[in-house]
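# Observations on chain architecture
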Amino acid sequence: MDSARFDDFTDIDGLLRLPRLAGLAASAGGERLVAAIQQADEHGSRMVSSLWELDPAGEREARRLTWSEKGESAPRFAPDGSLLFSSARPDPTGGADEDVPAIWRLPERGEASVVASAPGGLSLVAVADDGSLLAMTEVLAGGSLDDDGERRKARKDAKRTGIWHTGMPIRYWDHEVGDVSPRLVLVSPSGELRDLAPDADTVALVNASADLVPDGSAVVTTWTERVTGGETRSSIAAIDTASLERRVLLPATAGEQWSSPAVSPDGARVAVTRLTTSTPTDTTYDFLELHPLGGGEPVAVEVGDVTITDYAWADASTLIVAGDLHSRGAVLVVDAATGAVRMLVDDAPHGAIAPVADAVFALRTDMATPAAPVRIALEDGRSTPIPAPGGIGELPGSLEWVEADVDGVTVGGWLCTPRTASAAEPAPVMLWIHGGPHGSYNAWSWRWNPWLAVARGYAVLLPDPAMSTGYGHAGLNRGWPRLADVVWRECETLLDAVLERPELDGERTAVLGGSFGGYMTNWIAGHTERFKAIVTHAGLWALDQQHATTDAAAQKVRVHGHADELPDWYRAYSPHHHASAITTPMLVTHGNRDYRVPVSEALRLWWDLVSGWPGSPESMPHRFLQFTDENHWVLRPSNARTWNEAVLGFCDQHVLGAEPVPAALR
């Protein structure tokens, strides 16, 4: 793995092959630090993760620990100092099922060995002080851990693929829901498995978040149940690991649910997120609370404008919280007894936080820097970089924060400008609209990387308009429920403000977006002719269709109702009603396995574009790039290269007058 700095942003494949840090684990005393690092395989067919030992003091270079073709991920330290991880690597003893993730143990000296395996795979969730482990697995619906292997083999041999649905949900992002029952299992130090929820149906532990009480006596987990109207509600439950008795700690209601339990090191408290239920007038709001496990009054934690993305306990009295803040990010220190908050850093987003006694290890990123490990001192917030593979050198342009006033609200965004831009040779401009809509342009992105466009001579504007994270509840709700005209007004006002600069060319512009940003580009296409090209990825097109077919149908219909109930709203905000007004060349990209925005949205958009084109077929400017094995994101490095080449080539053609996209991409 080459650790040389990368600075040739005209080399798309080179950028996509750079190492990417994806996780951190610190030993209890902070003397050891291990990172999961992903890199494309030889063919660019997938990302493979390996484990690397980092120097917590930031003085020595990283050392690679694992090498298998299957890869290793999710590192955690055991009480004895050995390293635990998940991998589908071959088991030399033949004990673990082939190609199914198992839990492995790597001692400080010696070879890795399997701790435990299951026919449905095992993913490590938490580690108890006595060495027992909490893991997640899946069993075929209607079965148990005891007969799962036999039932799986029979199903595979018979090529049975039917799923018997009895309610919602039936899909999540890119996989089916209903054919398996997720289960939490306790893994003894000797590797024996105990099913902690043998009565769980197919939804109770779907996407569950759980934690283990340090002494191993109980598990605190989300527990999801179906309710009337196709909805589900998630409570917080405690499961006694000896008796399997399950009791509800925090019940869900029609107005609120719970997620992300994290138990304190002394087992006295659990940090949880309380989520309000979205309505036509209010989005979902998150609240961080600390609840005594033995009963008593909770402590509410006021985090201001921070949108929380992660939290972990440093010790029994201190919780570390990370989140988005003002198009950057923050790390907070919370006093568990009082809920008092101290700002540790507020310069950038941090993830994979791993607190130790006097510091927090984390992955720090920003708009100009990929995620990289740092050590943040708890005393004063001083941040020390830690050497790790990957990294970039000089960027092909400059990064600047820009702002504009929109009806009394300050709307900001990042402007990336190529070094070649000048009043004599102004740069063409791309407007990128982020997804979510609850998201933020505050971090490096491997999927939508503006520096690839900047290296081609484009300036890229990345706004954080209404409904962006990191601006408190008011910011999240401004523009709700997903009002395209509000978001467009804020984006366009900021765009017009930067286009007053002589080094930017307002006559050569394009607009691009994915997911909610793709919905926005679809809507914009029918409301303005100011752009020379439009790129829409995984975008909503016909809202009456998408709202009832997405995997999040319950939430969408609850907020937006049905088209026959609100015809004026759907007529104004569903892009397909404005198809006849589209004159700008559009590039449509979509993955067949996208269940959040089903590919039917792209199929219907493509039909409307093709069938509505008045000229000859060969003169039609629109294009459709379809990925048959991708989901909501384009994840395979080889497909990501194709996507970037197609997007940049399409914009070059229609914004710069270049030759059409090469035939190899068609």
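See the structure shown above.
Keep in mind that this is a model prediction, so the values were computed, not measured.

The next point concerns helix α8 (residues 553–560). What α8 keeps buried is the set A553, Q555, K556, V559 and H560. Taken end-on, α8 shows its buried residues confined to a sector of 165°, consistent with a single buried face. Tucked inside the fold, the buried residues of α8 contact α7 (543–549) and α9 (567–573). The positive-phi residue at the C-terminal boundary of α8 is G561, with phi of around 65°.

We now examine the environment of D324. Note that D324 resides in strand β24 (residues 318–325). Accessibility expressed as a relative area gives 13% for D324, which makes it buried. Linking D324 and E59, residues 265 residues apart in sequence, is a C-alpha distance of 29 Å. Non-local contacts of D324, meaning those with residues more than four positions away in its chain, are made with D305, V306, T307, T309, G329, S440, N442, T469 and G470. Within the structure, D324 has its side chain in polar contact with the side chain of N442 (distance 3.0 Å). Side-chain polar atoms of D324 contact the side chain of T469, separated by 2.8 Å.

The next point concerns the sheet that holds strand β27 (residues 350–355). Spatial strand order, β27-β28-β29-β30: four strands in an open sheet with antiparallel pairing. At either margin of the open sheet sits one strand with a lone partner, and together these are β27 and β30 (383–385). Taken pair by pair, the neighbouring strands of this sheet meet at an average axis angle of 30°, ignoring direction. The pairing of β27 with strand β28 (residues 359–366) spans four bridges and is classified as antiparallel. Looking across to β28, one finds that A354 is bridged to F361.

To continue, consider the pattern of salt bridges. Applying the stated criterion across every chain, the model contains 32 salt bridges. Here R105 makes a salt bridge to D80, at a shortest N to O gap of 3.9 Å. In this pair, R105 is assigned in strand β7 (residues 102–106) and D80 in the loop between β5 (72–77) and β6 (83–87), connecting sequence segments 25 residues apart. A salt bridge links R530 to E492, with the shortest nitrogen-to-oxygen separation between them at 2.8 Å.

Attention shifts here to the pairing of strand β34 (residues 459–464). If a strand is regular, its side chains alternate between the two faces of the sheet. Summarising burial for β34: six of the six residues are buried, a large majority. Burial along β34 is two-sided: A459, L461 and P463 and V460, L462 and D464, pointing in opposite directions, are all buried. Bridge analysis of strand β32 (residues 409–418) against β34 gives five bridges, and the strand direction is antiparallel. Note on β34: the bridge partner recorded for L415 is L461.

One ladder, built from four bridges, connects β5 with β6; its direction is antiparallel. By the bridge assignment, R76 is partnered in β6 with L84. Between β5 and β6, which pair antiparallel and follow one another directly, the connecting turn spans five residues, one of which, G81, has a positive phi of 90°.

Our next topic: helix α10 (residues 600–612). In this model, α10 (13 residues) spans 18 Å end to end at C-alpha, consistent with the 18 Å of a helix rising 1.5 Å per residue. Considered for burial, the residues of α10 that qualify are E601, A602, L605 and L609. The buried residues of α10 occupy an angular sector of 90° when the element is viewed end-on, so they sit on one face. Those residues of α10 that are buried lie in contact with α6 (516–525), β36 (533–537), α7, β37 (586–591) and β38 (623–627).

Our focus in this paragraph is the environment of V345. With respect to the helices and strands, V345 occurs in strand β26 (residues 341–345). Residue V345 is classed as buried on the basis of its relative accessible area, which comes to 10%. In contact with V345, not counting residues within four places along its chain, are G329, A330, V331, H350, I376 and G381.

If you walk across this open sheet you meet the four strands as β19-β20-β21-β22, and the pairing is antiparallel. The open sheet has two free edges, formed respectively by β19 (256–263) and β22 (299–301), since each of these has just one partner strand. Between one strand axis and the next, the sheet turns by 30° as a mean value, whatever way the strands run.

On to the side chain of H350. Note that H350 resides in strand β27. At 2.9 Å, the side chain of H350 and the backbone oxygen of A348 are in polar contact. Other than its neighbours up to four places away in sequence, H350 contacts T309, A322, V331, V345, A362, L363, R364, V374 and I376.

Attention shifts here to empty space enclosed by the protein. The gaps of empty space that remain are located by a probe, the size of a water molecule, rolled over the atoms. Evaluation of the coordinates by the stated rule reveals two cavities of 30 Å³ or more. In this model, the largest cavity occupies a volume close to 60 Å³. Every residue along the wall of the largest cavity is listed here: W432, W448, N449, L452, A453, L512, W643, N644, V647 and L648. For the lining of the largest cavity, the elements supplying multiple residues, two or more each, are α3 (450–455) and α11 (637–656). The leading source of residues in the lining of the largest cavity is α11, at four residues. When the residues that make up the lining of the largest cavity are grouped by side-chain class, the tally is eight nonpolar, two polar and no charged. Space inside the second largest cavity adds up to approximately 30 Å³. In terms of lining residues, the second largest cavity is bounded by N522, T536, G539, W541, V588, H590, E601, A602 and L605.

Glancing now at unusual backbone geometry. Omega for the peptide link from M168 to P169 comes to 0°, which places this bond in the cis form. In this fold, P169 is placed in the loop between α2 (148–158) and β11 (171–172). The residue after W480, namely P481, is reached through a cis peptide bond having omega 5°. The phi torsion at N207 lies on the positive side, around 55°, for a residue other than glycine. Here N207 lies in the loop between β14 (193–195) and β15 (210–212). Residue N207 is classed as partly exposed on the basis of its relative accessible area of 45%. Phi is positive for R482, close to 55°, though the residue is something other than glycine.

Parameters at a glance
- Residues numbered from 1 in each chain as written.
- Predicted model: local features only at pLDDT ≥ 70, side-chain atom pairs only at ≥ 80, totals over all residues.
- Heavy atoms only, no water.
- Buried < 20%, exposed > 50% of the residue type's maximum accessible area, 1.4 Å probe, protein only.
- Helix = DSSP H or I, 4+ residues; strand = E, 2+ residues; numbered from the N terminus.
- Arc of directions from axis to C-beta.
- Contact = heavy atoms within 4.5 Å.
- Polar contact = N/O pair within 3.5 Å; in protein donor to acceptor, adjacent residues only side chain to side chain.
- Pairing = 2+ DSSP bridges.
- Axes fitted to C-alpha atoms, helices over the stretch in contact; angles between N-to-C directions.
- Salt bridge = Lys/Arg side-chain N within 4 Å of Asp/Glu carboxyl O.
- Expected span 1.5 Å × (residues − 1).
- 1 Å grid on protein atoms, 1.4 Å probe; cavity = no way out; pocket = protein on both sides within 12 Å on 5 of 7 lines; lining within 4 Å.
- Points joined across faces, edges and corners; volume = space filled by probe spheres on them.
- Nonpolar A, V, L, I, M, F, W, Y, C, P; charged D, E, K, R; others polar.

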